[in-house]
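Listed here are the chains, written in short residue letters.
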Amino acid sequence: MPVVAADAHLVRGLLAFAQGDWTEAVHWLTALGAPAPECTRMPLAAATAGALIRLALVRGAPSAAADQAGAAWTAVSDKGIWAWAAELAPWAVEAVARAGDMAAARRMAAEFVQGLEGQDAPSARAAVVWSRAALEECEGRHREAAGSYRKAAAAYRELPRPYAWALTTEGAARCSLTGGPEASGAAGGAAGDRSAGAAGVSGVSGVSGADGGRAQAVASLRRCVEEYTELGAVYDAARARTLLRSHQPPQARRPGRPAFDDRLSPREREVAELAARGLMNREIAVVLHLSPRTVEQHVARAIRKTGALSRRDLLRAEKNAGPP
């Protein structure tokens, strides 16, 4: 029963994280009965550590994330079964790299590759490529990172693991758009294509060169938003929409601010959804690249427009208000 309970805690924690309820995620990932190396199976403990490391990263605490990564990595290394690190490695490598210890991050990535030699472990091998992509991105090698993210996305698509596919596809698009024309040159392909063909997904058939690569990267981001939304990953969808909004061509509209009257604007709806999930203003600000003061204003307007009794009541109040 302890293993079953630990498994349930992990699933609840991962779901809460993806839905943007970080307080609930911490509760399930750290509560009594949650997976830990000393009292449950290492695969569950490693996956839990990966989730906690990612949570520390998105909360802007790379040093804390790196400390967690080091402890979890040592526990897996002591066991010597590297297939168990599939859910840990990408976040651990990224955490150590973002904390500034590039040499240690490279050693971890190399140790992961060496530990998997001769093993039939598809998820772990996909995680190897994802870890390499994360390291390359932290090193500023965006072109190489985009290619590695695309390879990882192709592997996760084959498994299939749609959430991991979306995360790595988003990474490929992010690096393609950050790295300029060279990194954007092949933004479509395996990562961007989940249907019959890349042109069908991107809608940029006939566009070539840097512009075509950039357009495909933007199209890949749109597909990520759709995938996250289908999966109920509220936090991830909001993050990807923010990135998409900063890179897609502006749509022509009449001068002046659009009038939404008593309806929520798209941005207010994004903020309200995250606030209702339990994120604090400063956390929403990080996700949506806004100032905390702007978030505060959006929350206040959303509560006023929906008649919600509190931040947590925003989702119910918006649903009762009907479609925009």
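In the block above lies the structure referred to throughout.
Predicted model, so just to flag it, every value in this text is computed and none were measured.

Give me the overall build of the protein chain: which residues, what numbers.
Secondary structure summary: the protein chain contains 17 helices and zero strands in total. Among the 324 residues that make up the protein chain, the fraction classed as buried is 49%. Contacts spanning at least 24 positions in sequence make up 64% of the contacts within the protein chain whose residues lie at least 6 apart. When the accessible surface of the protein chain is summed, it comes to about 15400 Å², and 54% of that surface belongs to carbon and sulfur atoms.

Give a detailed account of helix 14 (residues 266-276), specifying residues and quantitative values.
Taking burial as the measure, the eleven residues of helix 14 include eight buried ones, the bulk of the element. Among the residues making up helix 14, those that are buried are Arg267, Glu268, Glu270, Val271, Ala272, Leu274, Ala275 and Ala276. Backbone geometry just downstream of helix 14 places Gly278 in the positive-phi region, at approximately 110°.

Can you break down unusual backbone geometry residue by residue, with the values?
With an omega of -10°, the peptide bond running from Leu159 to Pro160 counts as cis. Among the secondary structure elements, Pro160 is positioned in the loop between helix 8 (142-158) and helix 9 (162-178).

Account for the pattern of salt bridges, naming residues and giving values.
Pairs can form between side chains of opposite charge whenever their charged atoms are close. Across all of its chains, the model carries 19 salt bridges by this definition. The partner of Glu94 in a salt bridge is Arg98, with the nearest N and O atoms 2.9 Å apart. Highlighted residues: Glu94 and Arg98, both in helix 5 (residues 89-98), separated by four residues, approximately one helical turn. In this structure, Glu139 and Arg141 form a salt bridge, with 2.6 Å as the shortest nitrogen-oxygen distance. Residues participating in the shared-partner salt-bridge network are Arg54, Glu170, Asp236 and Arg239.

I'd love a proper account of the packing of aromatic side chains, names of residues and values included.
Evaluated as defined, the whole model comprises nine aromatic pairs. Consider the rings of Trp22 and Tyr235, whose centres lie 5.1 Å apart with planes at 75°: the pair is edge-to-face. With Trp22 in helix 2 (residues 22-30) and Tyr235 in helix 13 (residues 234-247), this residue pair connects regions lying 213 residues apart in the sequence. Tyr235 shares its class with Trp22; the two are buried. Residues Trp73 and Phe112 carry aromatic rings whose centres are separated by 6.1 Å and whose planes lie at 80° to one another, so their mutual orientation is edge-to-face. In this pair, Trp73 is assigned in helix 4 (residues 62-79) and Phe112 in helix 6 (residues 102-115), connecting sequence segments 39 residues apart. Here Trp73 matches Phe112 in class, with each residue buried.

Mind laying out the nonpolar core, listing which residues take part and the relevant values?
Counting 68 residues, the largest nonpolar core has Ile53, Leu88 and Phe112 as its most contacted members. When residues in this core are grouped by element, the largest group, nine residues, is from helix 7 (residues 122-138). When neighbours within four sequence positions are excluded, Leu88 is seen to be in contact with Ala46, Ala49, Gly50, Ile53, Ala72, Trp73 and Val76. Listed in part, the 26 residues of the second largest apolar core include Leu274, Leu279, Leu288 and Leu314.

Could you give an account of the environment of Glu137, naming the residues involved and the relevant values?
Mapped onto the elements, Glu137 comes out in helix 7. Once the C-alpha coordinates of Glu137 and Arg98 are considered, the two residues, 39 residues apart in sequence, prove to be 9.9 Å apart. Excluding residues within four positions of it along the chain, Glu137 makes contact with His142, Ala145, Tyr149, Arg174 and Cys175.

Quick notes on the rules
Residues numbered from 1 in each chain as written. Predicted model: local features only at pLDDT ≥ 70, side-chain atom pairs only at ≥ 80, totals over all residues. Heavy atoms only, no water. Helix = DSSP H or I, 4+ residues; strand = E, 2+ residues; numbered from the N terminus. Buried < 20%, exposed > 50% of the residue type's maximum accessible area, 1.4 Å probe, protein only. Contact = heavy atoms within 4.5 Å. Areas by Shrake-Rupley, 256 points an atom, 1.4 Å probe, with all protein chains shown as cover. Salt bridge = Lys/Arg side-chain N within 4 Å of Asp/Glu carboxyl O. Phe/Tyr/Trp six-rings, centres within 6.5 Å; stacked < 30°, edge-to-face > 60°. Core = buried A, V, L, I, M, F, W, Y, C linked by side-chain atoms within 4.5 Å.

Any link to function would need more than the numbers given here.
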